[in-house]
Amino acid sequence: MADKLNINLRYCYGIGKLETELEFKHKGYAIYAPNGVMKTSFAKTMMDLSEGNTPKDLHFPDREPTCEITLNGEGLKKEEVFVVKSYDDKFSSSQVSTLLANAELRTKYERIHQSIGEAKKALDKALRNAAGFGERSRENLDPIIEDVFSGSYYEALSAIEDELTRTSQSDLSKADYKIIYDPKVQQFLSSEDVAAAVEDFAQKYDEITEQSPILRRNFQYHNVAQVQQQLEANNFFSAGHRISLADEKTDQMEEVSSDQSLRQRIEDEKLRVLNDEAVAKKFDTFNSKLKNKELQTFRDYITENKQLLPMLSDPEGLKRDLWMQYLRVAFDEYKTLVSEYRTGQSALAEIVKEADESRGDWDAVVADFNRRFLYLPFELSVENKADAILKGIAPSIAFVVKDAGEERRYASSEKQDLLRALSTGESRALYILDIMYEVFVRWKNRAKTLFVFDDISDSFDYKNKFAIIDFLEDVTKVEDTNFLAIVLTHNFDFLRTVSSRQICPAHQCRLAFRSDDGIKLEPFERTDIQSPFRKWQGRLAEPSVLIAYIPFLRNLIEYTLGAKDADGNANADYLQLTRMLHFKDETDALTIQDYKTVFESHLVSCTFPNIDLSQRVIDYLFAAADACENVADGINLEHKIALSIAIRVWAERYMIAKIRSSEPEYGVAKKQTGELFQKFKDLFNNQADTIGLLRRVNLITPANIHLNAFMYEPILDMGMAELVTLYQDVKSDLN
């Protein structure tokens, strides 16, 4: 069943009223509209509909607009309408990411990252807990790891694997990083007097440590504790082994034979150092500076962990030692992450390479564009193709211009610079590429869409106009789509092409014109578009048709025999028809018999109508024009031609009579209308109203009478009412 589009518009931009039904027996409709009738207004209205806005009358904003557009009885949704303007240099398709998408590669990519991500999540959870943030904390550890180990998160962790494997867990693993490296604590410790107090404590602490029989400046109690933990973990004492602790001052050896006795010995030495009166005094000096309530947590913590205070004199070194210890605590999770990361890197490298080299929908659209628009000076590439495919990052399209061995690359952000360097046609071609992206995605998604193309071929040369034609064929002829298209144009040659290519068959072509009752869309017949003269052959008895055949016949003689013979003499038949189209001295005497004689000499297969052959051609012409005054507006090709001829002949007859009233011998045999008009102005420059009327005649009629490949456009653009009014003015004022 054919789709039916019902349109009811009132006060929508320049459209006062438009009510019509378009039945889509084929997917494409064409509307030929002279400039100023309805094209832009209709496109703006449909653009508003596609954006969810209400159209308006810009001249009279108080008017209440009506915009009712239904497809098969249901209102069109905004996403079902896509308007393609003649040109929009600001338009940029948002569908490039969709076209670049490769679900299979992205799934592989995301699966690897998911495995790495899960391993990272487990490690971060263990590290947060070890560092005092808590398992449920959302503290981002990446910047800490990257700062401490000087590298990106994964690379930094991978680089310390050997060092971490050799590192044993110590009491530092129990230190609370969150408390020690609280920003307010670090700010407090960095002040000059506090730093001095810490350094003073550290020196005294080292002095007392040196007095220990087993501790040294570089072998603190936590180092001994680390040894004890390793021995216990490896069942050293359980296996019957013993160790001896040497007092370097007396060379005496102290034997230890159990985990318990070693732990106790370590604790005793720690307490001996920390309880030393001099050390305690230095600590009290430091502690006295912790008066701020915001530092209470740190004060309580450092009071219980005085052994950490000397290490605070080197905050960066302590920070690294702490995170090495936290990583030892989470060593299993660490190993899992590093393994997943290294395994994934080689696989990811292959996927990225495949993504860079892949050819998907985007490449297909660009190839199709290049096939259609030949000889454009630029090529396109995606600078970040792999990232766009695998990570969903917005693609960065580059435009590469090559000339004489040189190359200039324009980034996406430099697109306006490129457009300024391109010709109008090249810029419009680039715009069409963005439209092709949109169309392809809608086709792939089988999205129901009404496309409205507003003078899409404007400003293209003929070569690229056919690229547009080819593109429109895809929109309207591809099977298994939910596409409909309305092609708006004021170029009759373009209309004739889309009709002949069955993009918009003749029965779905309309002429838009203004009437007293709003905008009307009159159907074209196929012969109106492709061969009106053949259509008229059966209607030669109609005066307007027989008159319209005069310029056609004259052009036929001109194209086949020439207006002059080889000796430069005028072709008699061509000259005779010229005297019927222009007022000459011989015009009044010409009869229909004279016309018939020329007609039958050149159109032997056509039958001249059975009419009074004795009547004058000029009388027959004016009678035909008089009859046209009552013809309703519409295509009316033959009526418009007859009116145009009558207007010009009447005006020329008037000008010649007036000129000869001043210059009786003025010759007109070789004078064109423009020459007559100039002579009239020279002689009668005080007759402003008459000159104004003749100027209208001169502007309107010449292009309407010389029929050629583009004959339709100026004639069809002219409304019947305008021609009738001009004819009536000529008759009443030029006597």
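Preceding this paragraph is the structure being described.
In this report, we go over the structure that sits alongside the text.

About the cut-offs
- Residues numbered from 1 in each chain as written.
- Predicted model: local features only at pLDDT ≥ 70, side-chain atom pairs only at ≥ 80, totals over all residues.
- Heavy atoms only, no water.
- Helix = DSSP H or I, 4+ residues; strand = E, 2+ residues; numbered from the N terminus.
- Contact = heavy atoms within 4.5 Å.
- Areas by Shrake-Rupley, 256 points an atom, 1.4 Å probe, with all protein chains shown as cover.
- Phe/Tyr/Trp six-rings, centres within 6.5 Å; stacked < 30°, edge-to-face > 60°.
- Buried < 20%, exposed > 50% of the residue type's maximum accessible area, 1.4 Å probe, protein only.
- Expected span 1.5 Å × (residues − 1).
- Pairing = 2+ DSSP bridges.
- Axes fitted to C-alpha atoms, helices over the stretch in contact; angles between N-to-C directions.
- Core = buried A, V, L, I, M, F, W, Y, C linked by side-chain atoms within 4.5 Å.
- Patch = residues over 30% accessible without salt bridge, like charges linked within 9 Å, V, L, I, M, F, W, Y side chains within 5 Å.
- Salt bridge = Lys/Arg side-chain N within 4 Å of Asp/Glu carboxyl O.
- Lys, Arg positive; Asp, Glu negative; His and termini not counted.
- Charge placed at Lys NZ, Arg CZ, Asp CG, Glu CD.
- Polar contact = N/O pair within 3.5 Å; in protein donor to acceptor, adjacent residues only side chain to side chain.
- Parallel < 35°, antiparallel > 145°, perpendicular 65-115°, else oblique.
- Left-handed = near helix turned anticlockwise from the far one by under 90°.
- Nonpolar A, V, L, I, M, F, W, Y, C, P; charged D, E, K, R; others polar.

### Considerations on the overall build of the protein chain
Scanning the protein chain from N- to C-terminus turns up 33 helices and 15 strands. Sequence separation of 24 or more characterises 70% of the internal contacts of the protein chain that already satisfy a separation of 6 or more. Approximately 35,700 Å² of the protein chain is accessible, and the part contributed by carbon and sulfur atoms is 46%.

### Details of the packing of aromatic side chains
Overall, the coordinates contain 28 aromatic pairs when judged by the stated rule. Taking 6.3 Å as the distance between ring centres and 90° as the angle between the ring planes, the aromatic pair formed by F453 and F471 counts as edge-to-face. Separated by 18 residues along the polypeptide, F453 in strand β12 (residues 449-454) and F471 in helix α20 (residues 462-477) bring together distant segments of the chain. Each member of the pair, F453 as well as F471, carries the same accessibility label: buried. The interplanar angle of 55° and the centroid separation of 6.3 Å between the aromatic rings of W536 and Y549 together place this pair among those described as tilted. Taken together, the residues span a long stretch of sequence, with W536 in helix α23 (residues 532-536) and Y549 in helix α24 (residues 543-560) at a distance of 13 residues.

### Quick notes on helix α14 (residues 315-329)
Helix length check: α14, at 15 residues, gives a terminal C-alpha distance of 21 Å against a target of 21 Å (1.5 Å per residue), a fit within 8%. Every buried residue of α14 is accounted for by L318, K319, L322, W323, M324, Q325, Y326 and L327.

### Describing the sheet that holds strand β11 (residues 406-410)
Strand order in the open sheet formed by three strands is β9-β10-β11, with antiparallel pairing between adjacent strands. Looking at the sheet topology across the chains shown, the edges are occupied by β9 (378-382) and β11. Averaged over all adjacent pairs, the angle separating strand axes in this sheet is 25°, with direction ignored. Examined bridge by bridge, β9 and strand β10 (residues 397-403) share five bridges and lie antiparallel to one another. From the neighbouring strand, F378 faces β10, where its bridge partner is V401. Together, β9 and β10 form the strand contacts of helix α16 (residues 361-372), whose direction differs from that of β9 by roughly 175°.

### Overview of the nonpolar core
By size, the foremost hydrophobic cluster in this structure holds 112 residues, and its most contacted members are W323 and F453. Looking at this core element by element, the count peaks at ten residues for helix α19 (residues 424-444). The contacts of W323, once residues within four sequence positions are left out, are L127, A131, L141, I144, I145, V148, F149 and Y177. Membership of the second largest hydrophobic core comes to 66 residues, among which are W536, F599, W650 and L723.

### Describing a negative patch on the surface
Together, E350, E354, D356 and E357 line one region of the surface with negative charge. In this structure, E354 sits in helix α15 (residues 331-357).

### A closer look at the environment of E652
Tracing the chain through its elements places E652 in helix α28 (residues 637-662). The spatial distance from the C-alpha of E652 to the C-alpha of L734 is 9.9 Å, given a sequence separation of 82 residues. Beyond its immediate sequence surroundings of up to four residues, E652 is in contact with L581, H582, F583, T673 and L676. Within the local environment of E652, its side chain forms a polar contact with the side chain of H582, the two groups lying 2.9 Å apart.

### A short note on the pattern of salt bridges
On inspection of all chains with the given rule, the structure shows 39 salt bridges. Because the salt bridges share partners, they merge into one network encompassing D368, R371, R372, D470 and D474.

### Concerning the pairing of strand β4 (residues 66-71)
By the bridge criterion, six bridges tie strand β1 (residues 3-12) to β4 in an arrangement that is antiparallel. Bridging from a neighbouring strand, N6 pairs with T70 of β4. Pairing between β4 and strand β5 (residues 74-75): two bridges, direction antiparallel. Opposite T70, over in β5, you have G75 as the bridge partner. Between β4 and β5, which follow one another and run antiparallel, lie two residues, and N72 among them has a positive phi close to 55°.

### What to know about the pairing of strand β2 (residues 15-24)
When β1 meets β2, the two strands line up antiparallel, connected through nine bridges. Across the sheet, the residue bridging to L5 is L22, located in β2. Where β1 folds back on β2, the antiparallel hairpin that results is connected by two residues, among which Y13 adopts a positive phi of roughly 55°.

### A word on the side chain of K415
As for its placement among the helices and strands, K415 is situated in helix α18 (residues 415-421). Polar side-chain contacts of K415 include one of 3.1 Å to the side chain of D434. Filtering out sequence-adjacent residues up to four positions away, K415 remains in contact with F91, F399, L430 and D434.

### Re the packing of α28 against helix α29 (residues 673-683)
One way to put it is that α28 packs onto α29 with a least axis distance of 10 Å and a crossing angle of 40°. In this view, α28 runs oblique relative to α29, as classed from their interaxial angle. Our pair here, α28 against α29, has a crossing hand that is left-handed. Two secondary-structure elements touch here, α28 through R648, E652, Y654, M655, I656, K658, I659 and S662 and α29 through T673, L676, F677, K679, F680 and L683. Classifying every residue of the contact of α28 with α29 by side-chain character gives eight nonpolar, two polar and four charged.

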